[in-house]
Amino acid sequence: MSFLGRGSAPAGGINQERVEMATQELDMITDIFNRIVSSCHAKCISTRYAEGDLNKGESVCIDRCVAKFFEVNKKVGEKMQAVGAAAGSAGPGGFSL
């Protein structure tokens, strides 16, 4: 079964809902990538480009920056899921922290 629904789509049709979901996911991933590049570039790479390649310090800084970005992203996601689960168990319209 294809992600875009080719295996389960009506005869010859493309599942537009899945295409839209894939487009939104691609937009989200592109946004995350651009934020990582912007943030880590500003923190780790000097504005004076002396070499064509990253030096060891810049490379280590970039690795750590990206790792921290994903670790924080993971923790925020877990916290949001916990809050969402708590809100779901509070009943309709209820929200408790």
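Located above this text is the structure these notes cover.
Here is a short report on the structure shown in this document. All values derive from a computational prediction rather than experimental measurement.

Here we come to the state of the cysteines. Within this structure, the stated rule accounts for 2 disulfides. Paired by a disulfide, Cys 40 and Cys 65 hold their sulfur atoms 2.0 Å apart. Negative torsions about the S-S bond denote left-handed disulfides, and the value of about -85 degrees found for Cys 40 with Cys 65 makes this one left-handed. Of this pair, Cys 40 sits in helix H1 (residues 16-44) while Cys 65 sits in helix H2 (residues 56-89), and the two are 25 residues apart along the sequence. Each member of the pair, Cys 40 as well as Cys 65, is classed as buried. A sulfur-sulfur separation of 2.0 Å characterises the disulfide bridge that pairs Cys 44 with Cys 61. Between Cys 44 and Cys 61, the S-S dihedral sits near -65 degrees, and the bridge is therefore left-handed. Placement of the pair is Cys 44 in helix H1 and Cys 61 in helix H2, with a sequence separation of 17 residues. Exposure remark for Cys 44: the relative accessible area of 11% places this residue in the buried category. The class of Cys 61 is partly exposed, set by a relative accessible area of 28%. Cysteines bonded in the chain are numbered consecutively along the chain; their disulfide partners then correspond to 1-4, 2-3.

When the terminal C-alpha atoms of H2 are compared, their 50 Å separation across 34 residues agrees well with the 50 Å that a helix rising 1.5 Å per residue should span. Every buried residue of H2 is accounted for by Glu 58, Cys 65 and Ala 87.

Here is what the cut-offs are and how they apply
- Residues numbered from 1 in each chain as written.
- Predicted model: local features only at pLDDT ≥ 70, side-chain atom pairs only at ≥ 80, totals over all residues.
- Heavy atoms only, no water.
- Disulfide = S-S within 2.5 Å.
- Helix = DSSP H or I, 4+ residues; strand = E, 2+ residues; numbered from the N terminus.
- Buried < 20%, exposed > 50% of the residue type's maximum accessible area, 1.4 Å probe, protein only.
- Expected span 1.5 Å × (residues − 1).

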